[in-house]
Amino acid sequence: MKIVVASDHAGFQYKQAILEHLQKLGHETADYGTFSPESCDYPDFIIPAAKAVADGEFDRGIVLGGSGNGEAIAANRVQGVRCAYCWNIETAKLGRKHNKANVIAIGERLIELPLALEIVEAWLAEEFEGGRHERRIAKLDEPIN
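Rules of the game
- Residues numbered from 1 in each chain as written.
- Predicted model: local features only at pLDDT ≥ 70, side-chain atom pairs only at ≥ 80, totals over all residues.
- Heavy atoms only, no water.
- Helix = DSSP H or I, 4+ residues; strand = E, 2+ residues; numbered from the N terminus.
- Rg over C-alpha atoms; globule rule 2.2 N^0.38 Å.
- Buried < 20%, exposed > 50% of the residue type's maximum accessible area, 1.4 Å probe, protein only.
- Lys, Arg positive; Asp, Glu negative; His and termini not counted.
- Charge placed at Lys NZ, Arg CZ, Asp CG, Glu CD.
- Axes fitted to C-alpha atoms, helices over the stretch in contact; angles between N-to-C directions.
- Parallel < 35°, antiparallel > 145°, perpendicular 65-115°, else oblique.
- Left-handed = near helix turned anticlockwise from the far one by under 90°.
- Contact = heavy atoms within 4.5 Å.
- Nonpolar A, V, L, I, M, F, W, Y, C, P; charged D, E, K, R; others polar.
- UniProt positions renumbered as here; feature names shortened; annotations may be inferred.
- Polar contact = N/O pair within 3.5 Å; in protein donor to acceptor, adjacent residues only side chain to side chain.
- Pairing = 2+ DSSP bridges.

In the annotation of an unreviewed UniProt entry, the protein is listed under the name Ribose 5-phosphate isomerase B and assigned to Blastopirellula sediminis.

This is the structure in structure tokens:
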């Protein structure tokens, strides 16, 4: 699977660890930054990564920050992105099964790294259920303005 990963300074350490973990699992990855723990503005990195998923350059995306909230908001501003904010394995699984999440957001300051890696693996392994969720996803993917 082709996966893009991006973060701000507060998610930098987990971004590095997740990229390494994904590569060990055999995934093709791209790092959209940030490239250091220096303070930066998360939209500068998250929005290009989200656009790359929406444009089909990548199958999935993972965005990280201190809480993950701003990153989820930024990613979800991109038409065609369905970013699930994940803080445990269940949110990751349901984000994929019910919401067809093609991006997830994780907060480095809120969970331990081993759990973050488990969240990533659970989300990648899950399939979209379809069925009753299809019409809801279609509505989410419609342009609003």
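Time to look at the overall build of the protein. Summing up its helical and strand segments, the protein has six helices and five strands in all. Ordered by position in the sequence, the α and β elements of the protein form the string β-α-β-α-β-α-β-α-β-α-α. Against the globule reference of 15 Å for 145 residues, the protein gives a C-alpha radius of gyration of 14 Å, in line with a compact fold. For the protein, the spread of C-alpha atoms along the principal axes amounts to about 40 × 30 × 25 Å. Split into buried and exposed, the 145 residues of the protein put 49% on the buried side. Charged side chains in the protein number 16 positive and 22 negative. The centres of these two groups are separated by 8 Å.

The next thing to look at is the packing of helix α1 (residues 12-24) against helix α5 (residues 113-125). Packing of α1 against α5 brings their axes to within 11 Å, and their N-to-C directions diverge by 45°. Taken together, the axis directions place α1 and α5 in an arrangement best described as oblique. The element α1 and its partner α5 pack so that their crossing is right-handed. Judged by residue contacts, Tyr14, Ala17, Ile18, His21 and Leu22 of α1 engage Leu113, Ala116, Leu117, Val120, Glu121 and Leu124 from α5. Grouping the amino acids of the contact of α1 with α5 by side-chain chemistry returns nine nonpolar, one polar and one charged.

This next bit is on the side chain of Asn102. With respect to the helices and strands, Asn102 occurs in the loop between α4 (89-97) and β5 (103-107). Residue Asn102 is classed as buried on the basis of its relative accessible area of 8%. Non-local contacts of Asn102, meaning those with residues more than four positions away in its chain, are made with Val53, Asp59, Arg60, Gly61, Gly80, Val81, Arg82, Arg96 and Trp123.

Before going further, it helps to examine the UniProt feature "binding site: D-ribulose 5-phosphate" (unreviewed entry) in the protein. Mapped onto this numbering, the UniProt entry annotates "binding site: D-ribulose 5-phosphate" (unreviewed entry) at Asp8, His9, Gly66, Ser67, Gly68, Asn69, Gly70, Asn99, Arg109, Arg132 and Arg136. Spatial dispersion of the annotated residues is evident: they stretch over 129 residues in sequence, and the largest pairwise C-alpha distance comes to 38.8 Å. As for its placement among the helices and strands, Ser67 is situated in the loop between β3 (60-65) and α3 (69-76). Excluding anything up to four places from it in sequence, Ser67 contacts Tyr85, Ile106, Gly107 and Leu110. At 3.0 Å, the side chain of Ser67 and the backbone nitrogen of Asn69 are in polar contact. With respect to the secondary-structure elements, Gly70 resides in helix α3.

What the five strands build is an open sheet, ordered β2-β1-β3-β5-β4; its pairing is parallel. Each edge of the open sheet carries a strand with a single partner, namely β2 (28-31) and β4 (83-85). Across the sheet, the mean angle separating the axes of adjacent strands is 20° when strand polarity is ignored. As paired elements, β4 and β5 share three bridges and run parallel to each other. When the bridges of β5 are listed, Ala84 appears paired with Ile104.

What follows deals with unusual backbone geometry. Each neighbour pair has its own omega, and for Gly33 with Thr34 the value is -5°, a cis peptide bond. One can find Thr34 in the loop between β2 and α2 (43-54). Positive phi is not limited to glycine here, since Lys100 has a value of about 50°. Tracing the chain through its elements places Lys100 in the loop between α4 and β5. For Lys100, a relative accessible area of 30% puts it in the partly exposed group.

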